[in-house]
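Analysis of the macromolecular model
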Amino acid sequence: MLTEEGIYLKHIDRAKYRKLKAIAAERGIPVYKLLNEAIAGYIVSSKGSIPSGEGVTSLEEVDNAKYREASETPSLKGRWVGIARGTIVATGDDAESVVGRMREAYSKSAFRHGIVTRVGEAREEREWLAGSIQQQ
Amino acid sequence: MRVVFNNSDCYVYDKGFAVPFILANLVTGESADLRGAIDTGFDGDLMVDSETYERLNLRLSERPESEFPAYRTFSGTILFKSSLARVTMPGRNSMAEVITPVSGLGKILVGRRALKNLTTLLHKAERYCVGDAKIE
């Protein structure tokens, strides 16, 4: 649940907070969005799921929610992205480089679900001819 | 016209025509030796059964749920999960789309998109060859 109400936190590492602000500015999103993503990702990686009522309930849903957000970011249209634990691990012009970064991220800390795709590809409805029909 | 295959690309017919291939997870490198039935009615790369999809952890490089492909079949539209994986088969070592049904078991099939890279010779119910053969 998102509210307008603020939270006052003491002992925040200023240097790390400045880096977080810089990342948010680079991606053109508010700091609170980045913090919400980081919190959701932390909860999922430590417990495996977010309690119901929080909007997302599984690793897949966290990653898919992140992808939906990425697909609305104009600068990512047509680019490859790698997503794990609800965060964008890598972006690139080709799948190989993104996969390489996903591999590095996995070797540092194994994740259980990930997305690798080109942003903005629509769901295709494909036709399956009778090739696999088998008599019982 | 003359078609020249390597001996190692030819197999004795056994109830059907199948292509041997190695399927590997892009993130973890886990791999499996598989044989997929040639299915010219299937327009994609590869389908695997859901047990293989899980065993190889293909969920680590999945497409977003909103882009899972839907196939129109005789028995209605079926939704598939889709992942990127590395496939090694005669004449090919590259990334490929691997699908498995969202519900149900599925089978191991090699579709038209994968077959486009191969020369295939089906010789009666005796033997068949699948490889990078040249036609002279």
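One structure accompanies this document, and this report is about it.

Criteria and thresholds
Residues numbered from 1 in each chain as written. Chains lettered and ligands numbered in written order. Predicted model: local features only at pLDDT ≥ 70, side-chain atom pairs only at ≥ 80, totals over all residues. Heavy atoms only, no water. Salt bridge = Lys/Arg side-chain N within 4 Å of Asp/Glu carboxyl O. Helix = DSSP H or I, 4+ residues; strand = E, 2+ residues; numbered from the N terminus. Buried < 20%, exposed > 50% of the residue type's maximum accessible area, 1.4 Å probe, protein only. Expected span 1.5 Å × (residues − 1). Contact = heavy atoms within 4.5 Å. Polar contact = N/O pair within 3.5 Å; in protein donor to acceptor, adjacent residues only side chain to side chain. Patch = residues over 30% accessible without salt bridge, like charges linked within 9 Å, V, L, I, M, F, W, Y side chains within 5 Å. Areas by Shrake-Rupley, 256 points an atom, 1.4 Å probe, with all protein chains shown as cover. Phe/Tyr/Trp six-rings, centres within 6.5 Å; stacked < 30°, edge-to-face > 60°. Lys NZ or Arg CZ within 6 Å of the ring centre and 35° of its normal. Buried area = accessible area lost by both parts, 1.4 Å probe. Nonpolar A, V, L, I, M, F, W, Y, C, P; charged D, E, K, R; others polar. Pairing = 2+ DSSP bridges. Axes fitted to C-alpha atoms, helices over the stretch in contact; angles between N-to-C directions.

All right, on to the pattern of salt bridges then. All names here are of chain B. With the rule as written, the count across this model stands at 13 salt bridges over all chains. In this structure, E54 engages K81 in a salt bridge whose closest nitrogen and oxygen atoms are separated by 3.9 Å. Here E54 is found in helix α1 (residues 50-55), whereas its partner K81 is found in strand β7 (residues 76-89), with 27 residues between them in sequence. Among the residues examined, K81 registers a relative accessible area of 22% and is labelled partly exposed. Put simply, E97 and R63 hold a salt bridge, and the shortest N to O gap is 2.7 Å.

What follows is about helix α4 (residues 95-108) of chain A. With 14 residues, α4(A) extends 20 Å from end C-alpha to end C-alpha; this agrees with the ideal 20 Å at 1.5 Å per step. Elements in contact with the buried residues of α4(A): β1 (80-84), β2 (87-92) and β3 (114-118) of chain A together with β8 (92-101) of chain B. Where α4(A) begins, the capping side chain belongs to A:D94, and its oxygen is found 3.3 Å from the backbone nitrogen of A:E96.

Together, A:I7, A:L9, A:I12, A:Y17, A:L35 and A:I39 line one region of the surface with nonpolar side chains, adding up to about 590 Å² of accessible area. With respect to the element layout, A:I12 can be found in the segment before α1 (14-27).

Residue and element names in this part refer to chain B. On inspection of all chains with the given rule, the structure shows six aromatic pairs over all chains. Centroid distance Y11 to Y128: 5.4 Å. Interplanar angle 35°. Geometry classified as tilted. Taken as a pair, Y11 in strand β2 (residues 10-12) and Y128 in strand β11 (residues 127-131) lie far apart in primary sequence, 117 residues in all. For the pair Y11 and Y128, one class covers both residues: buried. Seen from their ring centres, Y71 and F80 are 5.4 Å apart, and the 85° between their planes marks the pair as edge-to-face. No difference in accessibility class separates Y71 from F80, as the two residues are buried. One aromatic cluster is present, built from ring pairs that chain together Y11, Y13, F17 and Y128. Here R35 stacks its cationic end above the ring of Y11, 5.8 Å away from the centre of that ring.

On the side of chain A, 33 residues touch chain B, which itself brings 35 residues to the contact. Buried area between chain B and chain A, both sides added, is near 3100 Å², and the carbon and sulfur share of it is 50%. There are two salt bridges connecting chain B and chain A. B:R86 is paired through a salt bridge with A:E96; the nearest N and O atoms lie 3.0 Å apart. Counting across the interface, chain B meets chain A through 11 residue pairs in polar contact (both at pLDDT 80 or more). Mapped onto the side of chain B that touches chain A, the elements with two or more residues apiece are β6 (70-73), β7, β8 and α2 (112-115) of chain B. Sorting elements by how many residues they give to the side of chain B that touches chain A places β7(B) first, with five residues. Within the side of chain B that touches chain A, the residues separate by chemical class into 16 nonpolar, six polar and 13 charged.

Let us now look at the sheet that holds β2(B). Residues and elements named next belong to chain B. Spatially, β2-β11-β10 is the arrangement adopted by the three strands of the open sheet, whose pairing is antiparallel. Two strands lie at the open edges of the sheet, namely β2 and β10 (119-123), each paired on one side alone. Averaged over all neighbouring strand pairs, the angle between strand axes comes to 15°, with direction disregarded. Here β2 pairs with β11 via three bridges, running antiparallel. Residue pairing for β11: Y11 is matched across the bridge by Y128.

Distances and angles like these do not, on their own, reveal function.
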